[in-house]
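Architecture and fold: a report
One-letter residues, chain by chain:
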Amino acid sequence: MKRGGALHGARVAYETWGRLNDARDNAVLILTGLSPSAHAASSADDPSPGWWEAMIGPGKPIDTDRWYVVCVNSLGSDKGSTGPASIDPATGQPYRLRFPALSLEDVANAAWSLAHEGLGIGRLACLIGCSMGGMSALAYLLQHPGSAGAHISVNTAPQAQPFAIAIRSLQREAIRLDPQWDHGNYDIPARPGGKYPEAGMSIARKLGVITYRSAMEWKGRFARIRLDSEHRDDEPFGYEFEVERYLQAHAQRFVRSFDPNCYLYLSRASDWFDVAGYGDGDVHAGLRRIQLERALVLGAGTDILFPLEQQEQIAQGLRAGGAEVDFIAMDSPQGHDAFLVDIAHYGPAIGAFMATLAGRNEPR
């Protein structure tokens, strides 16, 4: 591990769609944001909709009739990969806070091991990274030069800015200050009536959701709509507005679906990542070291978590490194989460880029 320590017998969970061709040159690897699983799209093995269902499949922007698509669950997560909630083979108990300090470089190396050693893919046709996964993708490309011919960078950043760090710090504090967290010693797995930092996780998730959308989106969606009297809390200072109820419902769906310690580790790894470390303290110099032929950089002007200027910074750096780069600033009101919900804009942009890659790779 980059910051010390080691994992033995670690695993990463992944799903695939399409078929790897005989030349093994049609692989597309997707690295995810903080909380998603590897289930990016439905399949015969799991027909439930994936988190990027509208983007991946036959005839879709990432066309599985042409591409062999692999989505990896991040090392450190609890969605099948080894993380703080996993069993430490040395003790037979969950790692909890004994899990080694996690960096996005470790996340990237685990994904590289899967692709290169596990699946035998020497060079990816395209590496795609969304949100935190975009940072992991940059780490992948920096640590393994020439490992991908093309890259799609989606709503991400070459380093965390103070606003993003501040929000994630508050999220971690909310979890750690919940007495039920108990220094990471809550029930794993969670059980009804057991010890679990539900209040802290709820606040952390609400803070995150607020930053994932834009003020424009919140205003247009909820305005100042008040709850009907029968839906209001009787408690003093209880929920009064529709937006409050939405956040509460969203948090309730999440709090027990993601492990708190995993959340802490991946959140801190996102804060630590900095491309400048590969360029003698300069982000542009670090990005310039990445070796690519083509790249597509997408960002939303309403993204407050990873502002558009950071997407421009990535595009400029990759271009300076010799890549042919397309940069598109999306006119989307949905903020950071636009890549998940605004498929009408993101789909055609990604589909067009993938089509050009297919054209270049087809036999002549």
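Residues numbered from 1 in each chain as written. Predicted model: local features only at pLDDT ≥ 70, side-chain atom pairs only at ≥ 80, totals over all residues. Heavy atoms only, no water.

Looking at the pattern of salt bridges
In plain terms, the rule: Should a side-chain nitrogen of Lys or Arg be within 4 Å of a carboxyl oxygen of Asp or Glu, the pair is scored as a salt bridge. Segments assigned H or I by DSSP are reported as helices when at least four residues long, segments assigned E as strands when at least two residues long, and all are numbered from the N terminus. Summary of the burial criterion: residues with accessible area below 20% of their type's maximum are buried, those above 50% are exposed, and those between are partly exposed, where the area comes from a 1.4 Å probe applied to protein chains only.
Per the stated rule, a full pass over the model turns up 16 salt bridges. Between aspartate 326 and arginine 294 there is a salt bridge, and its shortest N-O distance comes to 3.0 Å. Taken together, the positions of aspartate 326 in strand β11 (residues 324-330) and arginine 294 in strand β10 (residues 294-300) put the pair 32 residues apart, joining distant regions of the chain. Looking at aspartate 326, the relative accessible area reads 31%, which means it is partly exposed. Accessibility expressed as a relative area gives 5% for arginine 294, which makes it buried.

Some words on unusual backbone geometry
A cis amide bond links isoleucine 188 with the next residue in sequence, proline 189, at an omega value of 0 degrees. On the secondary structure map, proline 189 appears in the loop between α3 (162-176) and α4 (198-212). At aspartate 182, a position not held by glycine, the phi torsion is positive, near 55 degrees. As for its placement among the helices and strands, aspartate 182 is situated in the loop between α3 and α4.

Section: the packing of aromatic side chains
Defined as follows: A pair of Phe, Tyr and Trp rings is counted when the ring centres sit within 6.5 Å of each other, with Trp represented by its six-membered ring. The angle between the planes then sorts it: under 30 degrees is stacked, over 60 is edge-to-face, the rest tilted. Think of it as a cone above the ring: NZ of Lys or CZ of Arg counts as a charge over the ring if it is within 6 Å of the ring centre and within 35 degrees of the ring normal.
Tallying each qualifying case throughout the model produces 11 aromatic pairs. Ring geometry for tryptophan 218 against phenylalanine 222: centres 5.7 Å apart, planes inclined by 25 degrees, an arrangement best described as stacked. Residue tryptophan 218 and its partner phenylalanine 222 are both found in helix α5 (residues 215-222); the two are separated by 4 residues, about one turn of the helix. Summarising the burial analysis for this pair, tryptophan 218 and phenylalanine 222 share the class buried. Three or more aromatic residues joined by ring pairs form one cluster here, namely Trp51, Trp52 and Phe339. Lying over the aromatic face of tryptophan 67, arginine 66 brings its terminal NZ or CZ to 4.4 Å of the ring centre.

A few points about the pairing of strand β5 (residues 68-72)
Looking along a regular strand, one sees side chains alternate from face to face of the sheet. Convention followed: Whether two strands pair depends on DSSP finding at least two bridges between them.
Within β5, 5 of the 5 residues are buried, which leaves the element mostly enclosed by the surrounding structure. In β5, alternate side chains face the same way, and those of Tyr68, Val70 and Val72 on one face and Val69 and Cys71 on the other are all buried. Relative to β5, strand β1 (residues 14-17) runs antiparallel, the two being bridged by 4 bridges. Note on β5: the bridge partner recorded for tryptophan 17 is valine 69.

Some points on the environment of arginine 213
For clarity, the cut-off: A contact between two residues is defined here by any heavy atoms of the two lying within 4.5 Å. Residues adjacent in sequence count toward polar contacts only when both atoms are side-chain atoms; beyond that, a polar contact is any pair of N or O atoms within 3.5 Å, and within protein one must be able to donate a hydrogen and the other to accept it.
With respect to the helices, strands and loops of the structure, arginine 213 is situated in the loop between α4 and α5. As a C-alpha pair, arginine 213 and valine 255 span 42 residues in sequence and 19 Å in three-dimensional space. Apart from the residues lying within four places of it in its own chain, the contact partners of arginine 213 are Trp218, Arg221, Ile304, Gln334, Gly335, Asp337 and Val341. Within polar-contact distance, the side chain of arginine 213 engages the side chain of glutamate 217 at 2.8 Å.

Focus on α5
Where we set the bar: The directions considered for the arc are those from the helix axis to the C-beta atoms.
Every buried residue of α5 is listed here: Glu217, Trp218 and Phe222. Axial view of α5: buried residues confined to an arc of 100 degrees, hence all on one face. Residues of α5 that are exposed and point more than 90 degrees away from the buried face comprise Ala215, Met216, Lys219 and Gly220. Packing partners of the buried residues in α5 comprise α4 and α6 (242-254). Taken from the residues just after α5, alanine 223 is the one with a positive phi, measuring 45 degrees.

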